Amino acid sequence: MKCRKCGEKAVINMRQHKLALCGDHFLEWIPQQTQRSIEKYRMFGPQDRILVAVSGGKDSLALWDVLQRLGYQADGLYIGLGIDGGSRYSAESQRLSEKFAQERGLKLIVVDVAQSEGAGIPQGAALTRRGQGKPCSLCGLTKRHIMNRVARQGGYDVLATGHNLDDEAAVLFGNTLNWAVGYLARQGPVLEERHGLARKVKPFHRLYERETAAYALLRGIEYIYDECPFAEGATSITYKDYLNQMEAQRPGLKLSFYLSFLRAKEEGLLFAGSQQPQPSLHACESCCQPTSAPDRCAYCRTWGQIRERMATSAVPPAE
Ligand code: Q46
Ligand code: ZN
Ligand code: ZN
């Protein structure tokens, strides 16, 4: 297979675009595609300060790399979840995020949940009924809260995440199977700022996971290969598998599934006349972040409960 641009040996064939490229041209193509998405959805401009949520995985580090190459002002935020045990998942992902930032002279903000709340995610989850034994519900709540807090307090214009097309198509698949209209109405590459909630964007929403992985490898980015140990058995992974099976039969299916949804939404063909009322938000009386709860936000309530249970149980606090 030859590169469509120069005739050299291709390193990747993107069947959905009928496009094969060599390493050099692929490394040019990814930033061009990303810039196209940034402009099409007016995600941000050269004057904006961007906070990139970094997990140590290929997508977020590749995104940070691309934004830097495109000349944007992007700092990173790493959230230490305390998911270690045998896997050392958090320790390793933090090491790789810090290494990436250091080698490029970029600013990385690190927030450690165990340090700020007294327990890491698995330990905290064991003390709350949230999520029925899985820590993902507490983890999602905690990450959303910290990302918003750091973005607002740091005066960032926008929060960027490394979600790729496979992530977005799997979420869309799940939301469609459940006809989760509220989630479908909010799903998209840009979530506008609202009552103290930072603006969120996904500049990689059109890129396949294999493309972001190939980009990270070709750029020599060292990233954590392992998934979080709690990701095993997640429905999103099952949906990704189904979509990949269909994609193998029909190249481009994932892309058209997601882009057709966005197009229908933009043309007003979905949700016409069914605008769901947005819950009114006000400041949490403890942390001042926006909440629809009458007094304290879900984050403050849940972590308050965990701390109370830690104080009365035999579970030792994190060091
Ligand atoms: S939610 Fe669950 Fe992920 Fe948190 S506990 Fe791991 S798998 S990291 S995206
Ligand atoms: Zn080429
Ligand atoms: Zn709060």
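Residues numbered from 1 in each chain as written. Chains lettered and ligands numbered in written order. Predicted model: local features only at pLDDT ≥ 70, side-chain atom pairs only at ≥ 80, totals over all residues. Heavy atoms only, no water.

**Q** Explanation requested: the coordination of the zinc ion (ligand 3) in the structure shown.
**A** Octahedral metals with six donors have ideal donor angles of 90 or 180 degrees. Tetrahedral metals with four donors have an ideal donor angle of 109.5 degrees. Within the protein, the zinc ion (ligand 3) binds to Cys284 (SG), Cys287 (SG), Cys297 (SG) and Cys300 (SG); these donor distances fall in the range 2.3 Å. Note that the zinc ion (ligand 3) binds 4 donor atoms; their angles at the metal cover 105 to 114 degrees, and the shape is tetrahedral. Donor residues for the zinc ion (ligand 3) sit on one chain with the sequence pattern C-x2-C-x9-C-x2-C. A relative accessible area of 1% places Cys284 in the buried class. (Donors = N, O, S within 2.8 Å, 3.2 Å for Na, K, Ca; no water. Tetrahedral: all angles 85-135°; square planar, octahedral: opposite > 155°, others 65-115°. Buried < 20%, exposed > 50% of the residue type's maximum accessible area, 1.4 Å probe, protein only.)

**Q** Just to check I follow, could you spell out the environment of Thr235 for this structure?
**A** With respect to the helices and strands, Thr235 occurs in helix H10 (residues 235–249). For Thr235, a relative accessible area of 53% puts it in the exposed group. With 61 residues separating them in the primary sequence, Thr235 and Gly174 have C-alpha atoms 8.3 Å apart. (Helix = DSSP H or I, 4+ residues; strand = E, 2+ residues; numbered from the N terminus.)

**Q** Is there a simple way to explain the coordination of the zinc ion (ligand 2) in this structure?
**A** Bound to the zinc ion (ligand 2) are the protein donor atoms Cys3 (SG), Cys6 (SG), Cys22 (SG) and His25 (ND1), situated 2.1 to 2.3 Å from the metal. Geometry at the zinc ion (ligand 2) is tetrahedral, judged from the 4 donor atoms that bind it and their angles of 100 to 114 degrees at the metal. Each donor residue of the zinc ion (ligand 2) belongs to the same chain, and together they define the spacing C-x2-C-x15-C-x2-H. Note on Cys3: relative accessible area 4%, which makes it buried.

**Q** I would appreciate a short explanation of the environment of Phe26 in the present structure.
**A** Along the chain, the position of Phe26 falls in helix H1 (residues 23–40). Counting along the chain gives 172 residues from Phe26 to Ala198, while the straight-line C-alpha distance between them is 32 Å. In this structure, Phe26 is in contact with Ile12, Met14, Leu21, Glu211, Ala214, Tyr215 and Leu218, ignoring residues within four places of it in sequence. (Contact = heavy atoms within 4.5 Å.)

**Q** Whenever I open this one, the sheet that holds strand E6 (residues 158–160) confuses me. Can you help?
**A** Two pairing modes exist for strands in a sheet, parallel and antiparallel, and in both the strands are linked by backbone hydrogen bonds. Across the sheet, 6 strands lie side by side as E5-E4-E3-E6-E8-E7; this open sheet has mixed pairing. The open sheet has two free edges, formed respectively by strand E5 (108–112) and strand E7 (190–191), since each of these has just one partner strand. Note: E6 against strand E8 (residues 200–201), 2 bridges, orientation parallel. Looking at the pairing, Leu159 lines up with Lys200 of E8. Strands in contact with helix H2 (residues 58–69) are strand E3 (49–54), strand E4 (73–80), E5 and E6; relative to E3, the strand with the most contacts, it is inclined by about 155 degrees. Most of the contacts of helix H3 (residues 89–104) go to E5, to which it runs at about 160 degrees, and overall it touches E3, E4 and E5. (Pairing = 2+ DSSP bridges. Axes fitted to C-alpha atoms, helices over the stretch in contact; angles between N-to-C directions.)

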